[in-house]
Amino acid sequence: MSTRPDYFIKGEKARLIPVASDSNKEVRATSVFLAAMMAVPSFAARMLDTIGQKTGKRSEISCYTEVCFKQACEGKNLRPDGFVSVSAGRGKNWCALVEAKIGNAEIDPEQVKHYAALAKDHGIDTIITISNQFVALPSHSPVSIGKILSRNVRLFHWSWTFIVTEAMLLIGDDEFSAPEQKFILSELVRFLSHESARVRRFDRMNKEWKDVVLAVNARSALTKSAQDVMNTVAAWHQESRDISLLMTRKLHSRVRQKLSRLHMNDPATRVTVDAEKLAKDHILEFVLEIPDAADLLEVQADIVRRCIIVSMSLDAPDTKRASSRINWLVKQLAKADPADVHIEAKMPGRTPAVRMTLSQLRSNEEGVDQAFASALPMSFKIMMVRDIAGRFSGNRTFIEEIEKIVPEFYENVGQNLQQFRPKPPQIKSQKPGIDATTDAAPGLQEVAVAANDAAEEALDVVVVSRSVGQVIDRNSQTSSYANLASSDEKVDD
C-alpha cells in the first residue's frame with residue numbers, strides 16, 4: 001500500500017525533516033521516527049517484530065502523519081498522529097494507527113478508545129501508542145480500551161526510550177545494506193536524545209511515594225487496594241522497565257525483565273500481586289535477565305530498612321571442604337569493593353543460612369571456619385546492600401540511587417561471577433606393562449588399552465580378595481585352635 005488509503009481525507013508522508021511548527025513536538029518526533037522506519041528496513045523490522053508483526057525482504061512500508069478520517073466518531077474530528085502500513089504483496093496488508101505523546105503528557109484512554117472504534121470500522125487491527133510512559137512489554141499498555149474493542153483491535157505501547165534503545169542496538173550490530181541507513185538511524189538517536197525533543201527516562205516516583213515510606217516507618221498499616229499503594233507499584237514497574245533499557249544500552253545486549261507467564265499475559269494481575277507484597281512485606285522488587293550472566297540479577301527496595309539490595313546467586317562447587325568453596329567465591333570477587341558487599345551462604349536442610357561481609361571472608365577470620373564447621377554451604381547469594389537513608393523517600397533521589405547501584409553492582413560484581421564447572425575428564429596415560437595395542441585392530445588401540453587396564457584392576461581385586469580370605473582363614477583356624485584348647489582344659493578339670 002504505497003498510496004494513502006481512501007478512508008483518509010488528509011495525511012502527509014512521514015518526513016525526516018518535518019515542516020511542522022516547533023510547538024508541535026509530538027508531530028515532529030513522530031514524523032522523524034516513522035520516516036526512519038521507511039528509510040531503514042532493518043529498523044522497521046526490529047520495531048514491528050516487538051509487536052509480533054513480521055516483515056520480509058519484499059515488504060513495503062509506508063508511513064503517514066496527522067491522518068484524518070472521512071468518517072467522524074460520535075461527531076468528533078479525530079486525527080491520529082501517525083499511520084503505518086505494511087504491504088507483503090498478493091493483497092496482504094497490515095495497518096496500524098499511531099498515537100504519540102511527548103514530555104510529561106500521558107496517553108489519554110478516551111482518545112485511544114475513539115481511535116480503536118475508528119480502527120475497527122476501517123479494518124485496522126492495531127493501535128500503537130508512544131510516550132514517555134514505561135511498560136514491561138510492548139504488549140502491555142498504560143491504558144485500557146475495554147474487552148469489546150480489544151476483540152478486534154490490538155493495543156501496543158512503545159516508550160520513546162525503548163525506541164532509542166532499539167536503534168542503538170541496531171547501530172551496534174552494524175548490519176546495514178547501505179551506509180546511509182546507519183547515518184539516518186544515528187541521526188534519529190541524536191534527535192530523540194536532544195533535550196529539545198523532550199524524550200525522558202523515568203526519573204521520579206509517584207507523588208505518593210514519600211507518604212508511603214513515612215507510613216511504613218511509622219508502622220502504619222498499608223492497604224493493598226489503596227490508590228497510593230497501587231500508584232507506587234505502577235511507578236516501580238515503570239522504573240524496572242527503565243532499568244532494563246538502561247542496562248541494555250550499557251551492555252549493548254538486550255536485558256529483559258524476568259516475568260512469570262501469568263504476569264506477561266496479564267499486567268493487571270502483576271500490579272495486584274506486587275501491591276499485596278508491598279502492603280504485607282514493605283518490599284518492592286524486580287528481576288533482570290542478562291544474556292550469558294551467571295544468574296538472574298535481583299533488585300529489591302526494602303522500605304523498612306531504607307536500603308536498596310542488588311544480588312545474584314551461585315551454586316557452591318562440589319568440593320569436600322568449606323574453605324575451598326569459600327576461596328572459590330572470594331577469588332571471583334577480587335575486584336569488588338568490600339564496603340557494602342555481603343554474602344549469604346545457604347546451608348543444607350534446616351540449618352540457618354550464614355551471613356557475612358566480604359571483608360570477613362577475605363580476612364579468613366576464625367569465625368568463618370566455625371560457621372561452616374557443622375555443614376558445607378550449598379549456594380551463595382552475593383548482595384550489594386546500600387543504605388541511602390533520607391534519599392530513600394525522595395521521589396527523584398530514590399530513582400537516582402537505584403540507577404546508580406544496579407550498574408555499579410554488575411560492573412564490580414555481577415559480570416565477574418561464573419557458575420562452578422567441574423574439571424573435564426582427562427585422557428589417561430597408558431600404564432607400564434603389557435602392550436595391549438600390539439595386536440589391536442586399527443582404530444581400536446584405545447579400546448584395547450582400556451580393556452587391559454580394566455583386566456588389571458580386576459586381577460588386583462581378586463588378589464586382594466584372596467589375600468584377605470587367607471587372612472580370614474588363618475584367623476578362623478587360630479580361633480578354632482583356641483576354642484579347642486579351652487575345651488580340653490575344661491575336660492581335664
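This is a predicted model, so every value here is computed, not measured.

Within the open sheet, the six strands sit side by side as β1-β2-β3-β4-β5-β6. Their pairing is mixed. The sheet is open, and its two edges are formed by β1 (8-13) and β6 (154-159), each paired on a single side. Pairs of neighbouring strands in the sheet enclose a mean axial angle of 30°, with direction left out of account. By the bridge criterion, five bridges tie strand β4 (residues 93-100) to strand β5 (residues 126-131) in an arrangement that is parallel. In the strand pairing of β5, V98 is matched with I128.

The topology assignment puts S159 in strand β6. According to the relative accessible area criterion, S159 is buried, its value standing at 5%. Engagement of the side chain of S159 in a polar contact is seen with the backbone nitrogen of F162, the distance being 3.0 Å. In this view, S159 contacts S131, Q133, F134 and L245; residues no more than four positions away in its chain are not counted.

Take the packing of helix α5 (residues 160-173) against helix α6 (residues 179-193) next. Two quantities define a packed helix pair, namely the angle between the helix axes and the distance between the axes. It is the contact of α5 with α6, at a shortest axis distance of 10 Å, that shows an interaxial angle of 150°. Remark: the crossing between α5 and α6 carries left-handed chirality. Residue-level inspection shows W160, I163, V164, A167, M168, L170 and I171 of α5 in contact with α6, the latter providing K182, L185, S186, V189, L192 and S193. Partitioned by chemical class, the residues of the contact of α5 with α6 number ten nonpolar, two polar and one charged.

A few words now on unusual backbone geometry. Unlike most non-glycine residues, R198 shows phi in positive territory, near 60°. Counting through the fold element by element, R198 comes out in the loop between α6 and α7 (209-217). Even without glycine at this site, R306 takes up a positive phi of about 55°. Looking at where R306 falls in the secondary structure, it is placed in the loop between β9 (297-302) and β10 (307-315).

What counts, and at which threshold
- Residues numbered from 1 in each chain as written.
- Predicted model: local features only at pLDDT ≥ 70, side-chain atom pairs only at ≥ 80, totals over all residues.
- Heavy atoms only, no water.
- Pairing = 2+ DSSP bridges.
- Helix = DSSP H or I, 4+ residues; strand = E, 2+ residues; numbered from the N terminus.
- Axes fitted to C-alpha atoms, helices over the stretch in contact; angles between N-to-C directions.
- Buried < 20%, exposed > 50% of the residue type's maximum accessible area, 1.4 Å probe, protein only.
- Polar contact = N/O pair within 3.5 Å; in protein donor to acceptor, adjacent residues only side chain to side chain.
- Contact = heavy atoms within 4.5 Å.
- Left-handed = near helix turned anticlockwise from the far one by under 90°.
- Nonpolar A, V, L, I, M, F, W, Y, C, P; charged D, E, K, R; others polar.

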